[in-house]
Amino acid sequence: MVFEPTMVIAMASLIGLVVVTAALLRAWHDWLELKRAQLERTEKSDPSAAPLGAARIEISDLKERIRKLEAIASGVDL
């Protein structure tokens, strides 16, 4: 069974796309963890720097963005 060159290129492109997407998703999750750690550190070191309500709103916005990005990644229309 011999694959046509077009099929080989298509499969390689698809695999490459999956690898790049997985790497970007991992980087996005790591960036979010960094931001969460920064928020926690700021809150612990200087509670008056960022009021708790503002931090909750920012986390809520980040969660909404994550939800939208995950919906886009899974192919669901919002």
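Everything that follows concerns the structure shown earlier in this document.
Counting restarts for each chain, with residues numbered from 1 along the sequence as it is written. In keeping with the model being predicted, local features are shown solely for residues with a pLDDT of at least 70 and side-chain atom pairs are shown and tallied solely at 80 or more, while totals for entire chains, interfaces and linings include all residues. To obtain the side-chain values, all non-hydrogen atoms of the structure were used and water was disregarded.

A.B. asks: If you had to explain the packing of aromatic side chains to someone new, which residues and values would you point to?
C.D. replies: Pairing of aromatic rings covers Phe, Tyr and Trp, the last through its six-membered ring, and needs centres within 6.5 Å; plane angles under 30 degrees mean stacked, over 60 mean edge-to-face, and all others mean tilted. This model, assessed by the stated rule, comprises one aromatic pair. Relative to tryptophan 31, the ring of tryptophan 28 has its centre 5.3 Å away and its plane inclined at 25°; by these criteria the two rings are stacked. Of the two residues, tryptophan 28 and tryptophan 31 both sit in helix α1 (residues 5-45), three residues apart, roughly one turn of that helix. Under the scheme applied here, a residue whose accessible area is under 20% of the maximum for its type counts as buried, over 50% as exposed, and between as partly exposed, the area being computed with a 1.4 Å probe on protein chains only. What makes tryptophan 28 partly exposed here is its relative accessible area of 25%. Exposure remark for tryptophan 31: the relative accessible area of 37% places this residue in the partly exposed category. By definition, any uninterrupted DSSP run of H or I lasting at least four residues is a helix, any uninterrupted run of E lasting at least two residues is a strand, and each is numbered from the N terminus.

A.B. asks: Please give an account of the pattern of salt bridges that cites residues and values.
C.D. replies: Any Lys or Arg side-chain nitrogen located within 4 Å of an Asp or Glu carboxyl oxygen qualifies as a salt bridge. Evaluation of the coordinates by the stated rule reveals three salt bridges. Close ionic contact of aspartate 30 with arginine 26 constitutes a salt bridge, the shortest N to O distance being 3.4 Å. Pair noted here: aspartate 30 and arginine 26 are both in helix α1, with a separation of four residues, about one helical turn. Across the salt bridge formed by arginine 36 and glutamate 33, the nearest N and O atoms sit 3.0 Å from each other. Taken as a pair, arginine 36 and glutamate 33 lie in helix α1 at a separation of three residues, close to a single helical turn. The class for glutamate 33 is partly exposed, based on a relative accessible area of 46%.

Function cannot be inferred from these measures alone, as they are strictly geometric.
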